[in-house]
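Chain residues, written in single-letter form:
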Amino acid sequence: MAKLYLVGTGPGSSDYLTTAAIKVAESIDVLVGSQRALDLFPGFSGETLVLRARNMDEMMKKSISLVDEGKDVAILSTGDPGFSGVLKPILRLRDDLDLEVVPGISSLQLAAARLQIPWDEINLLTLHGKGNSEVILGFLDNEKPTMVLPDFRVEQLAQFLLENGVNPEKKVAVCEKLSYPDERVFKGSLKEVADMEFSYLCVMVIYSK
């Protein structure tokens, strides 16, 4: 019976690609993922399907269809499949697949490491696909740092927080392009972040004090 693999590829650099992920890529027929995820497997010689934000649902269904046809398929998920990854949309489509999840190193883990924050003592939140939601406001007063994956632009999230009464001098950190050669970690105030420009590959930490 064919199997569908959901494979975490880490934050971006091949340095954080697990041996388990590499072994799966060596054993399957079809590899599905964003171009930057596919680029982590330059030696793959099978069929590839490029996953984009606009064709996500189509590619999920296509992957399941290929498994039904008897092909082993791996969908690459940046970071870990279980956090803002492909596990949730796949389970919504089908819950009877022969499915294996291969976890990966999340950008959240790497951000916690860069900032030396014990990440069992923080609020974890993703806004991917949710916009700048007011749900984040409820996390900012419980004496814990809040680590968030912004929906898109981290400076827009900072502006949203300011508009909703969060102290402009509140301490924050932005970890940008983690694991890439041009990685940047900025520490400063919420107001400073709102006036800066970052790429979309960011993790933001809002400190409790």
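Structure's up top.
Position numbers for residues count from 1 along each chain, tracking the sequence in the order it is written. Given that this is a predicted model, residues contribute local features only at a pLDDT of at least 70 and side-chain atom pairs are listed and counted only at 80 or more, while totals for whole chains, interfaces and linings are drawn from all residues. With hydrogens and water excluded, all non-hydrogen atoms of the structure serve as input to the side-chain values.

## Regarding the overall build of the chain
The condition is simple: Runs of H or I in DSSP of at least four residues are treated as helices and runs of E of at least two as strands, each being numbered from the N terminus. This radius of gyration counts C-alpha atoms alone. The globule rule is 2.2 Å times how many residues there are, raised to the power 0.38. Throughout, a residue-residue contact means that at least one pair of heavy atoms, one from each residue, lies within 4.5 Å. Only the protein chains shown count as cover for residues, and the accessible areas themselves come from Shrake-Rupley with a 1.4 Å probe. As used throughout, the charge tally considers Lys and Arg to be positive and Asp and Glu to be negative, leaving His and the chain termini uncounted. All charge positions are set by atom: Lys at NZ, Arg at CZ, Asp at CG, Glu at CD.
A tally of helices and strands in the chain yields seven helices and 10 strands. Its C-alpha atoms give the chain a radius of gyration of 18 Å, near enough to 17 Å, the size a compact globule of 209 residues would have. Considered along the principal axes of its C-alpha atoms, the chain spans approximately 55 × 35 × 30 Å. Counted over contacts in the chain with a minimum sequence separation of 6, partners at least 24 positions apart contribute 64%. Carbon and sulfur atoms form 48% of the exposed surface of the chain, whose accessible area is close to 10600 Å². Computed over 22 positive and 30 negative side-chain charges, the separation of the two mean positions in the chain equals 2 Å.

## Remarks on the sheet that holds strand β5 (residues 99–102)
How we decide: Two strands make a pair as long as DSSP finds a minimum of two bridges between them. All axes are obtained by fitting lines to C-alpha atoms, using only the stretch in contact for helices, and the reported angles, taken between N-to-C directions, cover 0 to 180 degrees.
Judged by pairing direction, the sheet is parallel, and its five strands sit side by side in the order β3-β2-β4-β1-β5 without closing on themselves. Two strands bound the open sheet, and with one partner strand each, they are β3 (47–50) and β5. Each adjacent strand pair in this sheet contributes to an overall mean axis angle of 20 degrees, direction not counted. Where strand β2 (residues 30–33) and β3 come together, four bridges link them in parallel fashion. Bridging from a neighbouring strand, Leu31 pairs with Thr48 of β3.

## A closer look at the layout of surface pockets
To be explicit about the condition: A cavity here means a set of points on a 1 Å grid, drawn over the protein atoms and nothing else, where a 1.4 Å probe fits but cannot get out; a pocket is an open set with protein on both sides within 12 Å along at least five of seven lines, and a residue lines either one if it has an atom within 4 Å of a point. Grid points are joined across faces, edges and corners, and a volume is the space filled by probe spheres set on the points. Ten residues, namely Ala, Val, Leu, Ile, Met, Phe, Trp, Tyr, Cys and Pro, are considered nonpolar, four, namely Asp, Glu, Lys and Arg, are considered charged, and the remaining ones, Gly among them, are considered polar.
One number sums up the size of the largest pocket: a volume of about 1500 Å³. Forming the walls of the largest pocket are 42 residues, and the residues nearest its centre are Met56, Thr78, Ser84, Gly85 and His128. When residues of the lining of the largest pocket are traced back to their parent elements, those giving at least two are α2 (35–38), β4 (73–77), α4 (87–93) and β10 (202–206). At four residues, α4 tops the list of elements feeding residues into the lining of the largest pocket. Of the residues assigned to the lining of the largest pocket, the class counts are 21 nonpolar, 13 polar and eight charged.

## Thoughts on the nonpolar core
Keep this limit in mind: Throughout this description, the term nonpolar core refers to a set of buried Ala, Val, Leu, Ile, Met, Phe, Trp, Tyr and Cys residues connected via side-chain atoms within 4.5 Å. Each residue is placed in one exposure class: buried if its accessible area under a 1.4 Å probe, protein chains only, is under 20% of its type's maximum, exposed if it is over 50%, and partly exposed if it falls in between.
Grouped together as the largest cluster of nonpolar side chains are 21 residues, with contacts concentrated most on Ile136, Leu157, Leu161, Val193 and Met204. Elements represented by at least two residues in this core include exactly α6 (154–163), β8 (171–176), α7 (190–194) and β10. Each residue touching Leu157, except ones within four places of it in the same chain, is listed here: Leu127, Asn132, Ile136, Val148, Pro150 and Met204. Counting residues in hydrophobic clusters, the runner-up holds 17 residues, among them Leu4, Leu49, Val86 and Leu97.

## Considering unusual backbone geometry
With a phi close to 55 degrees, Ser84 is a non-glycine residue in the positive phi region. Mapped onto the secondary structure, Ser84 falls in the loop between β4 and α4. A positive phi angle, near 50 degrees, is found at Lys177, a position not held by glycine. Position of Lys177 among the secondary structure elements: in the loop between β8 and β9 (184–189). Relative accessible area serves as the criterion here: at 25%, Lys177 is assigned to the partly exposed category.

## Here's the deal with the sheet that holds β10
Strand order across the open sheet formed by five strands is β6-β7-β10-β8-β9, with mixed pairing between neighbours. Every interior strand has two partners, whereas the edge strands, β6 (123–126) and β9, have only one. On average, adjacent strands in this sheet sit at an angle of 20 degrees to one another, irrespective of strand direction. Note that β8 and β10 share five bridges and pair antiparallel. The residue of β10 that forms the bridge with Ala173 is Val205. Helix α5 (residues 107–115) rests against β6, β7 (146–149), β8, β9 and β10 of the sheet, and its axis sits at about 140 degrees to β7.

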